[in-house]
Amino acid sequence: MIDFCFVHAADLHLDTPFEGVAKAAPEVGDALREASLEALDRLVALTLDEGAAFLVLAGDIYDGAERGVRAQLRLRRALERLGEHGVRTFIAHGNHDPLTGWSAIGAWPEGVHVFGSRWVESVAVEIGGEMAATVHGVSYARRETSENLALRFARGEAPGFHIGVLHANVGSDPEHAAYAPCSLADLRAARLDYWALGHIHRRHEVSRDPWVMYPGDTQGRSPKPAESGAKGALVVEVAGAAVREVRFVPTDTVRFVHGEVDVGGLDDLAALRAALLETADALRAEHAGRGLLVRLRLRGRGPAHAVLRGPRAVDDLLDDLRDEWRGATPFLWLESLRDETLSPLDLDEVRRRGDFSAELLALADGLRADGERRTALLRELDEPLHRGRAARWVAELEGAESELAVLRRAEARALDLLEQGQA
Ligand SMILES: [Mn+2]
């Protein structure tokens, strides 16, 4: 059996607009307008760099009919490039780009196979004159496809590695539209080796027996959790007609990311601003080389809460921070700043309440006064949680932080949890 690799991508949503941001920041809007198309170029480069035998696209290649022309011409060119290098492409369409209605391209470049919608087609792939794989797939005929398309797949008798290409909601994920809903058992029944799925934009592994994978979209589309973080494609290495390794490689140029700042130790507006800049800098370092759309949340209890409650306070801070990064390359656009802070607690009042929170404060007060008991407690915590959190705290202790600082943090965290429970 010949060893080979292929690339699995889905949900390219080529030429997605991002109209909301473009109004507020034209330079960010421009970058976003190109992002989905640049992701396609990176996907082609990745496929060639990896020496992949073929590329599999599992639906929602286009975002919608109204932007079809630019996207289709770009895709045609990209696949032509792959074809020139002897790399084939297999395409199954999904709910955003069903087969009927608007496709402007009649003939695709050589080596491109677009699966039909009437039945599952099975295409044999030979590598070096040897039967290496069979790629099975089906496209949506129209957007509202509620049929369980997985039931139409079957392995057949051909030797080699078997791949199923489908745009579907496996396990009926309630966060996503129930297009072509099916269960893992339905997929298993087809006895394929790898299911190249699309539809769910959050990259994840559904199963390894058989391999059932969602690569996620190739470029994030919004600040929603499923759209944030690195986006890209999967490189699947096949050896001896079995999966040897699946690797994620990012293809995005613009990234939606989330950050959080705890206002607990921040005494004034200057400290708050500095902490926000620091968080943004950390995100820039983590996602180096990418334009960032950042959503920041302010949490915790502290004096900053009162500052943030002022009229326009959060908006003014947001504008000020946006100015800070104006013109940065790659860009950093603060998409939003959310104030979820709470007012500082009156600890004396809590002590008088005689409830769990009061008991917690009494315990912390006792530990503050008794160094021996404090050290003994940390050791005791460390035993059952070896290499766990306590171990890390103790390690930190040996660094910059004092036992008392750790105690204060633990107290604040526990008190927060208790007080939230009462809210
Ligand atoms: Mn999609």
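In what follows, the structure referred to is the one given above.
Throughout what follows, the structure given in this document is the object of discussion. Owing to the predicted nature of the structure, the values given are computational and were not obtained by experimental measurement.

**Thoughts on the side chain of Asp217**
In step 1: Inspection of the secondary structure puts Asp217 in the loop between strand E10 (211-214) and strand E11 (232-239).
In step 2: Sequence-distant contacts of Asp217, defined by excluding residues within four places in its chain, comprise Ala10, Asp11, His201, Glu227, Lys231 and Gly232.

**A few points about the pairing of strand E5 (residues 121-127)**
In step 1: In terms of strand pairing, E5 meets strand E6 (residues 130-137) through 7 bridges, oriented antiparallel. Within E6, the residue paired with Val125 across the bridge is Ala133.
In step 2: If you look at the hairpin formed by E5 and E6, you'll find 2 residues sitting between the two strands, and Gly128 has a positive phi there, around 60 degrees.

**Re the layout of surface pockets**
In step 1: Within this model, the second largest pocket holds a volume of roughly 390 Å³.
In step 2: The residue makeup of the lining of the second largest pocket, split by class, is 4 nonpolar, 8 polar and 7 charged.

**What to know about the side chain of Ser222**
In step 1: Along the chain, Ser222 turns up in the loop between E10 and E11.
In step 2: By relative accessible area, which is 17% here, Ser222 ends up buried.
In step 3: Setting aside chain neighbours within four positions, we find Ser222 in contact with Glu227 and Phe256.

**Quick word on the sheet that holds strand E14 (residues 291-299)**
In step 1: An order of E13-E14-E15 is seen for the 3 strands of this open sheet, with the pairing classed as parallel. Among the strands making up the open sheet, the edge pair consists of strand E13 (254-262) and strand E15 (332-339). Averaged over all pairs of adjacent strands, the angle between strand axes in this sheet comes to 20 degrees, irrespective of strand direction.
In step 2: Of the strand pairs in this sheet, E13 and E14 are connected by 9 bridges, and their pairing is parallel. Among the inter-strand pairings, Asp262 is bridged to a residue of E14, identified as Arg299.

Rules used throughout
- Residues numbered from 1 in each chain as written.
- Predicted model: local features only at pLDDT ≥ 70, side-chain atom pairs only at ≥ 80, totals over all residues.
- Heavy atoms only, no water.
- Helix = DSSP H or I, 4+ residues; strand = E, 2+ residues; numbered from the N terminus.
- Contact = heavy atoms within 4.5 Å.
- Pairing = 2+ DSSP bridges.
- 1 Å grid on protein atoms, 1.4 Å probe; cavity = no way out; pocket = protein on both sides within 12 Å on 5 of 7 lines; lining within 4 Å.
- Points joined across faces, edges and corners; volume = space filled by probe spheres on them.
- Nonpolar A, V, L, I, M, F, W, Y, C, P; charged D, E, K, R; others polar.
- Buried < 20%, exposed > 50% of the residue type's maximum accessible area, 1.4 Å probe, protein only.
- Axes fitted to C-alpha atoms, helices over the stretch in contact; angles between N-to-C directions.

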